[in-house]
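Listed below are the residues making up each chain.
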Amino acid sequence: MQAAWFERPGPAHEVLAVGEWDTPMPRSNEVRVRLYASAVNPSDVKKRAGAQPAGLETGAVIPHSDGAGVIDAVGPGVSKARMGERVWVYQAQYQRRFGTAAQFVALPAQRAVKLPEKISFEIGACLGIPAMTAHRAVFADGMVEGRTLLITGASGRVGHYAVQWAKWEGARVIATVGNSEHTVAVADAGADHVINFRRQDVADSVMELTGGVGVDQVVDVEFGVNLETSLKVLKTGGTITTYSSTQSPEPKIPFYPMMFQNIAIRLILVYNMPESAKRQATTHITDYLENDRFIHRVAEIYPLEDIAKAHESIERGGSSGAVIVDIS
Ligand SMILES: NC(=O)c1ccc[n+]([C@@H]2O[C@H](COP(=O)([O-])OP(=O)(O)OC[C@H]3O[C@@H](n4cnc5c(N)ncnc54)[C@H](OP(=O)(O)O)[C@@H]3O)[C@@H](O)[C@H]2O)c1
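Below: a short report on this structure. Residue indices follow the written sequence of each chain, beginning from 1 at its first position. Under the rules for a predicted model, residues below a pLDDT of 70 receive no local features and side-chain atom pairs below 80 are neither given nor counted, while totals for whole chains, interfaces and linings still include all residues.

As a rule, any residue with its backbone-derived C-beta atom within 6 Å of a molecule or strand is reported as near that molecule or strand. Taken together, 28 residues form the shell around the ligand, and within it Pro42, Gly153, Gly156, Gly178 and Ser244 come nearest. Mapped by element, the contributors of at least two residues to the shell around the ligand are helix H2 (42-49), helix H4 (128-139), helix H5 (157-168) and helix H8 (223-233). Secondary structure is summarised from DSSP: a helix means a run of H or I of at least four residues, a strand means a run of E of at least two, and numbering begins at the N terminus for each. At three residues, H5 tops the list of elements feeding residues into the shell around the ligand. Looking at which domains feed residues into the shell around the ligand, each of domain 1 (2-129 + 274-326) and domain 2 (141-267) gives three or more. Boundaries of every domain are those given by an automatic assignment or by a domain database.

Now for the pairing of strand E10 (residues 193-196). Examined bridge by bridge, strand E9 (residues 172-177) and E10 share four bridges and lie parallel to one another. Following the sheet pairing, Val177 is matched in E10 by Asn196. For the segment spanning E9, helix H6 (residues 183-189) and E10, crossover handedness is right-handed. Pairing between two strands requires that DSSP report at least two bridges joining them. The handedness rule is simple: strands pointing away from the viewer, and a clockwise path from the first strand over the helix to the second, make the crossover right-handed.

Read across the sheet, six strands follow the order E10-E9-E8-E11-E12-E13 without closing on themselves; strand pairing throughout is parallel. Among the strands making up the open sheet, the edge pair consists of E10 and strand E13 (264-267). In this sheet, adjacent strand axes meet at a mean angle of 20 degrees when their direction is disregarded. Bridge analysis of strand E8 (residues 148-151) against strand E11 (residues 215-220) gives three bridges, and the strand direction is parallel. Across the sheet, the residue bridging to Leu149 is Gln217, located in E11. Throughout, a pair of residues is in contact if the C-beta atoms placed from their backbones lie within 7 Å. All axes here are fitted lines through C-alpha atoms, helices being fitted over the stretch that makes contact, and every angle between N-to-C directions spans 0 to 180 degrees. Packing of H8 onto the sheet brings it into contact with E8, E11 and strand E12 (234-242), and relative to E12 it is tilted by some 160 degrees.

Below, the structure written as structure tokens:
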């Protein structure tokens with residue numbers, strides 16, 4: 001099969017190779033998927049760059065966790081009825097060496113989720129990390145009907161799905177974006193109010209919008225740099241649910257002010273969240289796909305030969321939506 005791989009961490013254009021690789025065979029309780037689209041997410045490029053463990057200790061790594069395609073073989077323990085099923089896959093390269101940047105991947109059967117006929121493979125590849133992280137970030141502490149959420153970085157891959165989950169499930173959504181060009185898209189996704197965090201004082205705006213009451217939950221993309229603002233806008237007993245703190249990886253916690261406010265901090269890692277949460281997310285995603293509830297955004301599509309460019313695009317940032325590698 002054709003695949004992309006890296007044998008050592010480093011810059012994308014130096015370490016990513018594209019060529020022939022052995023086609024995998026599915027083992028017990030695995031399916032093999034003929035992939036047509038593979039998505040690049042920030043954690044894929046962090047692993048390739050050496051900033052996060054990639055699994056290189058035992059040999060070369062085929063990158064990327066998310067993708068979509070058709071099941072073409074099943075291992076012992078998996079119903080043959082799944083042959084020919086269109087699927088989206090998640091966590092293909094979590095604690096495993098061989099991900100979705102290839103024509104075929106073999107992975108545990110539950111990581112391949114049925115993709116409705118009307119949904120393209122490019123869209124299927126957008127779902128794993130972004131939509132599942134957003135699901136956990138919004139619902140980890142229960143449903144949100146009647147609650148007010150501040151969702152930061154709402155034009156990001158995760159943030160955009162978080163706005164949609166929260167709005168469809170009955171929350172009032174206040175969202176932040178870093179560029180006013182994204183205001184309309186985030187409002188279309190369901191945000192009731194959109195604040196430009198680079199131009200406006202987020203805390204003042206939120207307090208004005210909520211009549212001085214504040215919000216129940218902050219779903220946050222940059223925990224450390226936003227902490228002061230989060231504490232200004234959270235109600236007593238509120239929760240900060242966060243999946244990243246890239247700009248401030250070791251933030252200082254103001255313990256007593258947070259204790260006096262009864263604030264909960266919920267950290268999210270999509271890869272090892274409870275299996276029950278993964279099942280809830282995949283079931284909920286299927287329901288939304290079948291009922292045309294989601295707005296998806298594919299920003300860029302690269303052929304497999306240009307996978308290094310796709311990685312560099314994620315590293316540059318600023319792309320509004322998924323960066324996809326086409327493997328047709
Ligand atoms: N824990 C997990 O399981 C998990 C899962 C998925 C992603 N992540 C991490 O989450 C981060 C975002 O991932 P992504 O794919 O959604 O990236 P993305 O599409 O690049 O989105 C990031 C968003 O954050 C915004 N932003 C930057 N600084 C901000 C700030 N101070 N306040 C509010 N928003 C801010 C950006 O706005 P501008 O574009 O205007 O700068 C952008 O819209 C990455 O670090 C990724 O590794 C973690």
